[in-house]
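# Coordinate inspection notes
Now for the letters of each chain:
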Amino acid sequence: MKSLRKYWGYVVAIVVVYGWFSGSLGPNILVVLSAIAFLYSLFQAPVWCCAETRKEEFCRNNASGILMGCWIREHRWQKLKWFVRKSAWGQLIKRLLSGFNGIAASFSAVGALVSAGAAVITLMVKTV
Ligand SMILES: [Zn+2]
C-alpha cells in the first residue's frame, strides 16, 4: 500500500492511456486526468534530486517530483534556478534519464502534457 501511495500518479497516467485507446472516457475527463498526471510528475513522483553536489556529481537523494529537490534547501534553489535557465534543461534531463524513476517521471510528464493538449483540441473541435 505504501508504494501505491507513492506511485498513484502513474495509475492515473495508465487510466489516461486506457481512456485514449478505448475511447471510453470523454475528452473533458481526459483533460483533468492528464493535468493531474502532469502535476504529479512535476511535484510528487519519486525521482532523484539531480542537483549538483560540491563533488561535481549529481545528487541522488530522493526528491518528490521533477521540479523539486531533496531535503537540502540549497538543491531546491539550484533546481529552481535551472528551470529559469533553458540551457540547463538538457543537463537536468540527461541526469533524470539515468535512473528508472526519472525516466518514468519524465515520460509521464511529457505524455500527460501531450495528452492534455490533444484532449483540449478534441474539445475545441467538438464544440465548433
Ligand atoms: Zn539534492
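Quick summary incoming for the structure in this document. (Residues numbered from 1 in each chain as written. Predicted model: local features only at pLDDT ≥ 70, side-chain atom pairs only at ≥ 80, totals over all residues. Heavy atoms only, no water.)

### Here's the deal with helix α4 (residues 89-96)
Selection criterion: Remark: exposure states derive from per-residue accessible area (1.4 Å probe, protein chains only) relative to the maximum for the residue type, with buried under 20%, exposed over 50%, and partly exposed in between. Helix and strand definitions here come from DSSP, where helices need a minimum of 4 consecutive H or I residues and strands a minimum of 2 consecutive E residues; each element is numbered from the N-terminal end. This arc describes the spread of directions from the helix axis toward the C-beta atoms. For this analysis, residues touch if any pair of their heavy atoms sits within 4.5 Å.
Listed in full, the buried residues belonging to α4 are L92, R95 and L96. Around the axis of α4, the buried residues are gathered within 100° of arc, so they sit on the same side. Along its buried surface, α4 packs onto β1 (46-48), α3 (73-84) and α5 (100-127).

### Description of the coordination of the zinc ion
The condition is simple: Only N, O and S atoms count as donors, using a 2.8 Å limit from the metal and a wider 3.2 Å limit for Na, K and Ca, and since water is excluded some coordination spheres may look unfilled. Note on geometry labels: four donors, all angles 85 to 135 degrees, give tetrahedral; four donors become square planar and six octahedral when opposite donors are over 155 degrees apart and every other angle is between 65 and 115; remaining cases are irregular.
Surrounding the zinc ion are the protein donor atoms C49 (SG), C59 (SG), C70 (SG) and H75 (ND1), at 1.9 to 2.3 Å. Taken together, the four donor atoms surrounding the zinc ion define angles of 106 to 115° at the centre, an arrangement classified as tetrahedral. All donors to the zinc ion come from one chain, and their sequence spacing reads C-x9-C-x10-C-x4-H. In this pair, C59 sits in the loop between β1 and β2 (62-64) while C70 sits in the loop between β2 and α3, placing the two residues eleven residues apart along the sequence.

### Digging into the layout of surface pockets
Spelled out, the test is: Cavities and pockets are defined on a 1 Å grid built over the protein atoms alone: a cavity is a set of grid points where a 1.4 Å probe fits but cannot escape, while a pocket is an open set with protein on both sides within 12 Å along at least five of seven lines, and lining residues are those with an atom within 4 Å of any such point. Grid points are joined across faces, edges and corners, and a volume is the space filled by probe spheres set on the points. Residue polarity is assigned by list, with Asp, Glu, Lys and Arg as charged and Ala, Val, Leu, Ile, Met, Phe, Trp, Tyr, Cys and Pro as nonpolar; anything else, Gly included, falls into the polar class.
Each pocket or cavity is described by its volume, and for the largest pocket that value is around 360 Å³. Put simply, the parts of the chain that give the lining of the largest pocket at least two residues each are α2 (27-43), α4 and α5. Top element by residues in the lining of the largest pocket is α5. It accounts for five residues. When its residues are assigned to classes, the lining of the largest pocket shows 13 nonpolar, one polar and no charged. The computed volume of the second largest pocket comes to approximately 220 Å³. Lining the second largest pocket are 15 residues, and of these K6, P46, V47, N62 and A63 lie nearest its centre. With four residues, helix α1 (residues 2-22) is the largest single contributor of residues to the lining of the second largest pocket. Across the lining of the second largest pocket, the residue classes tally to seven nonpolar, six polar and two charged.

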